[in-house]
Structure formats: structure tokens, C-alpha cells
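Single-letter residue listing:
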Amino acid sequence: MDTNAKLYQDLDCVLLTRDQIAARIKEMGAKITRDFEGKPLLCICVLKGSVVFFSDLMREIELPLEIDFISLSSYGAGTESSGIITERSSLTRDITGRHLLIVEDIVDSGRTLTYLKEHLKKSTAASVSICTLLDKPARRQTDLVPDYSGFTIEDAFVVGYGLDYDEKYRNLPDVGVLSPRIYKGE
Ligand code: 5GP
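Presented here is an overview of the structure given in this document. The written sequence of each chain sets the order in which its residues are numbered from 1. Only residues with pLDDT of at least 70 are given local features in this predicted model, and only at 80 or more are side-chain atom pairs given and counted; all residues enter the totals for whole chains, interfaces and linings. Working from all heavy atoms in the structure, the side-chain values ignore hydrogens and water.

Thoughts on the site of the ligand
To keep it simple, the criterion reads: Summary of the distance rule: residues count as near a molecule or strand when at least one heavy atom falls within 4 Å of that molecule or strand. Whenever two N or O atoms come within 3.5 Å, that pair is a polar contact, provided that in protein one can donate a hydrogen and the other can accept it, and provided that, for residues adjacent in sequence, both atoms are side-chain atoms. Here the Shrake-Rupley method, with its probe set to 1.4 Å, supplies the accessible areas, and only the displayed protein chains count as covering residues. In this description a helix means any DSSP run of H or I spanning at least four residues, a strand means any run of E spanning at least two, and both kinds are numbered starting from the N terminus.
Near the ligand you find 16 residues, and of these Ser 109, Gly 110, Thr 112, Val 158 and Asp 164 are the closest. Backbone polar atom of Arg 111 to an oxygen atom of the ligand: 3.4 Å apart, as the coordinates give it. Here the ligand has 510 Å² of accessible area as a free molecule, and 92% of this is covered by the chains. Of all the elements in the fold, those that place two or more residues in the shell around the ligand are strand 5 (99-107) and helix 4 (111-121). A total of four residues in the shell around the ligand trace back to one element, the largest contributor, which is strand 5.

A short note on the pattern of salt bridges
Definition in use: Every case where a carboxyl oxygen of Asp or Glu lies within 4 Å of a side-chain nitrogen of Lys or Arg is listed as a salt bridge. Burial classes follow relative accessibility: with a 1.4 Å probe on protein chains only, a residue under 20% of its type's maximum area counts as buried, one over 50% as exposed, and anything between as partly exposed.
One pass over the structure, following the stated rule, counts 15 salt bridges. As a salt-bridge pair, Lys 26 and Glu 60 come within 3.6 Å of each other at their nearest N and O atoms. Separated by 34 residues along the polypeptide, Lys 26 in helix 2 (residues 18-35) and Glu 60 in the loop between helix 3 (51-58) and strand 3 (65-73) bring together distant segments of the chain. Judged by its relative accessible area of 23%, Glu 60 is partly exposed. Each of Lys 48, Asp 164, Glu 167 and Arg 170 takes part in one network of salt bridges that share partners.

Here is the structure:
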């Protein structure tokens, strides 16, 4: 059995197929292209979970743009947010006068992006917007509303397309609901 087939056995179901994701990202890229026309755009990839989404999305934005990476952490090896945000690595580009588009894999409690947005709003950037592939509004603990959202999903722990559990499953091309027996050790 190949590795991906083994990983798929750990899913309760596939929630979003690679084709659904690709089609939605095309739409998101077109909207972002319209909205940021003529503006200096810096797309910020929030590592590591959004790396797959980021690389697909940036190729659907038909504008001159720059990219940068930031690494934040709020989750440990579990499926619940610790609520404490730590910055593991920072931006390297000058953000002065740039329109920042923060690209995230999933907004859950909202704490991570609320922290990042507030931090960047105090900077010399021209504007700060948030783009997420997935949104779980049922679990929100802050008033954060993403400017661009790919899919609104139910309260479930999902993996694949960059999203991990304990650093695994990131290479699955689809997004699936991880079976609780994996993280509850049943
Ligand atoms: P928040 O601060 O909004 O609670 O959490 C954001 C981060 O938590 C995401 O970037 C992601 O790393 C992680 N996260 C939240 N929900 C899920 C989920 O369903 N699956 C995975 N793999 N990570 C999640």
C-alpha cells in the first residue's frame, strides 16, 4: 500500500477534494487580483500549515507581488489551541507602505491572527488583510473576520493540503477530517 493510501485510512472522510480546492482558489485569486490592482502587495505565508495553499494562491494572483514568511505557534502536538502565541521566526521584507495579505490555512479560535493583525496594524504597512483557506467560525474566541475565506467548515479537526496532526498528513492533496481514534489513542 502506498504512503498516501495509508494516510487516507486515518481519515473519517474527505471534506474537500483537490479539485474543489483548486476551483475555489482560482476564484479567490481573481478577487484578490481585482482588489489589489495598482497597490504594492506583500503576501505573507504563515508557516507551516499554509505553505501549500500559499503556493497555489500566489500563482492565481495576476499582479506583481512580493512574498514573505512568518512562523507562529499556538498549537503543540494536540488538537486544541494553547492560546499562547509565540513568534518562531519573523518577516524579513520591509513592510513600509505595502498592502499586507496574511495567508493562513485555517482560522479556528482566531487568536493567532488577531495577535498578528494587531501587531502588523501598529507597523508602517499601508493595510493588513487576512486570507484563509478554511474558517471554523463556531470556535471563534475573538471578533476576527477574515477578508477572504475559501470554505466555512464545521467544528472538526482537519488535516491535509498543508494542515498537520503532529507534523504528519501535510502532504495529502485533499482536506479530510482526522479520525478521533488517531488523537484520542483509541
Ligand atoms: P487559532 O489561533 O485560530 O485557534 O488557530 C490557528 C491555527 O491552529 C492554525 O493555523 C492551525 O495551525 C491550527 N488549527 C486550528 N484548527 C485546526 C484543524 O482543524 N486542523 C489543523 N491541522 N490545525 C488546526
